[in-house]
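Residue-level structure breakdown
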Amino acid sequence: MKPFQIIVEKNVPCMMRDGVILYADIYRPNREGKFPVLVTRLPYSKDHPYYSHRYLDTNRLVENEFVVIIQDVRGRFQSEGEFRSFRQEADDGYDTIEWAASLPYSIGKVGMFGLSYYGYTQLLAATKKPPHLAAIFPAMTLNDQRTGVSYRNGAYLPGLTETWTLESIVPDLLRRKYAKPEERKEAMRKLADYLNRMGDLYRFTPVNKWPPLMELEVAGYFFEELSHPPEDEDYWKQSSIADKYEDLQIPAYHLGGWYDCFIGPTLTNYMEMAKAGHHQKLIVGPWGHGYFASVQGESYFGVHASGDWIDLEQDITDLHIRWFNHWLKGIDTGLETEPPVKIFVMGINQWRDELEWPLKRTQYTNFYLHSCGKANTKNGAGLLLMIPPVDENPDSFIYDPKNPVPTKGGRTLFAGPLTMGPFNQREIEERLDVLVYSTEPLTDSVEVTGPVKMKLWASSDAKDTDFTAKLVDKAPNGKALILAEGIVNSKYRNGFRPEKELKGEVVEFDIDLWAISNVFLTGHRITLEISSSSFPQYLPNPNTGESLNESSKTIKAKQTIYHNEQYPSHLILPIVPMKKS
């Protein structure tokens, strides 16, 4: 039998409606006939083997008789135009899809795939309803820049935004800006120096004068976005799908990871698109952002947890082939009879099929904060009990923006080795500005699968401040692995519309920790940490009523956490009944 051959066409032009030309590489079977087309559109270079192929074996897609098109988005690498993050992708995506459908070797059916930014290019394009787009496979992606990219509940994310801009976007912008080799080399030298000092650069304020971009004079969109606060709906809706789910009437396979920085939006995308009944599927592994290994952080989840060997029988490329065979070729791959949801349950480290998300059998259970007013550090008196508090002294701590609680693992995306995943929080729990509440050692295993919420009653002597909540699985040996976390900025505690300044009164805060699936094993403790910072995951709140985006002034704040009959602060856990062995 003749070996399978692939034809590769480099830098194929595609003209957008405004005359700008975007360039793509096309991979197609070396045989006669017409085929379905799979498109991905990315800002990281179609020529870069890591980004352009990454978690998928695109050769196998072609071998399964798909045409694969990898395109540089507007203003990136080979493509013309100006890059403005996310804002041009809906129209450009529509034009690209219709162009792909018209190619002489296309059957007229187009699918899209991609992760992160190029997961979002799919969803944005789909909101425009291109007639030839038949199915998509968005992986680890967002729905609004204010819910996990630039901000989260009003708190700015320097670790993600600054790292992504400087590492992933700026190098090509410098190559485009400087035509002379000596000028380009000098600019890249400066960039390398900045990248080597990212830890210090996270601390620079005000952010709207961030030195790397001020000196290099590129990535103007970064400062443009900083100038628009979360309440500027007209601006942020340009890059949002949160109000466009009714337009996303397309089959979609959503891929997420429990330690992915976009797990909250990924789950929301699935739930909102599933409401319309348009053939949605979901898989969530124990993975970090774009990282599908069996080892995440300080945990080994077993070889079957790897994206290369899901449940010992298929990899992520297999999932794509089955999905697109069904929707683009009409092949019965068994998708219609399968449960729509597949999740990895950590703790017991098992994959499980489910009929919906969240699970209908979930028992949402309140775990109330208790102490005698001394819950500071892991050695304090903080308890988590299912019994509501009656009359207890509040807990308090001093939050100093100049000495924030460090981020250690979790759903992160910033510079440095091994920054995401389950890491031990033991040292963090030794800080006086961290309140720690734990259950007694569990006499039976407890499964927590679903959305995790925190209802917190607190006060502050600051005008504006933040509160954080972190869910931790604490083993009998004291190892405390982060599972989920959330933050709320008091100014935006009820959404994108700013609230009045705090005046020392007790305020009710809702903190969304997104979701998790984990079994707390017998002898372990369910642990909650409360504080006011996690840096560089979030920009420290200066407590002044201003933002460190625009100012460098900070003051200390006294934070008080209440747990009594009137203010029963509690963690809401999605408990799933476990079968007795």
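The sections below set out a description of the structure shown in this document. (Residues numbered from 1 in each chain as written. Predicted model: local features only at pLDDT ≥ 70, side-chain atom pairs only at ≥ 80, totals over all residues. Heavy atoms only, no water.)

Quick look at the pairing of strand β2 (residues 21-29)
Counting buried positions along β2 yields 8 of 9 residues, so the element is predominantly enclosed. One ladder, built from 4 bridges, connects β2 with strand β4 (residues 67-72); its direction is antiparallel. Bridged to Asp25 within β4 is Ile70. (Buried < 20%, exposed > 50% of the residue type's maximum accessible area, 1.4 Å probe, protein only. Helix = DSSP H or I, 4+ residues; strand = E, 2+ residues; numbered from the N terminus. Pairing = 2+ DSSP bridges.)

Thoughts on the packing of helix α3 (residues 89-102) against helix α4 (residues 117-126)
Axis separation between α3 and α4 bottoms out at 8 Å; the angle between their running directions is 80 degrees. Classified by the interaxial angle, the pair formed by α3 and α4 is roughly perpendicular. Contacts from Glu89, Ala90, Gly93, Tyr94 and Ile97 in α3 reach Tyr117, Thr121, Leu124 and Ala125 in α4. Tallied by class, the residues present in the contact of α3 with α4 amount to 6 nonpolar, 2 polar and 1 charged. (Axes fitted to C-alpha atoms, helices over the stretch in contact; angles between N-to-C directions. Parallel < 35°, antiparallel > 145°, perpendicular 65-115°, else oblique. Contact = heavy atoms within 4.5 Å. Nonpolar A, V, L, I, M, F, W, Y, C, P; charged D, E, K, R; others polar.)

Some details on the side chain of Asp144
Within the secondary structure, Asp144 is located in the loop between β6 (133-139) and β7 (151-152). A relative accessible area of 3% means that Asp144 is categorised as buried. For Asp144, the side chain forms a polar contact with the main-chain nitrogen of Arg146, separated by 2.8 Å. A polar atom in the side chain of Asp144 sits 2.7 Å from the side chain of Ser240. Residue contacts for Asp144: discarding those within four places in its chain leaves Tyr120, Val149, Ser240 and Ala242. (Polar contact = N/O pair within 3.5 Å; in protein donor to acceptor, adjacent residues only side chain to side chain.)

Side note on helix α5 (residues 158-177)
The first and last C-alpha atoms of α5 sit only 25 Å apart over 20 residues, clearly below the 28 Å expected at 1.5 Å per residue. Along α5, the sharpest kink reaches roughly 50 degrees, centred on Val170 and followed within four residues by the proline Pro171. Across the 20 residues of α5, 16 count as buried, placing the element largely inside the fold. (Expected span 1.5 Å × (residues − 1). Bend = angle between axes of the 7 residues up to and from the residue.)

Read these as geometric descriptors, not functional statements.
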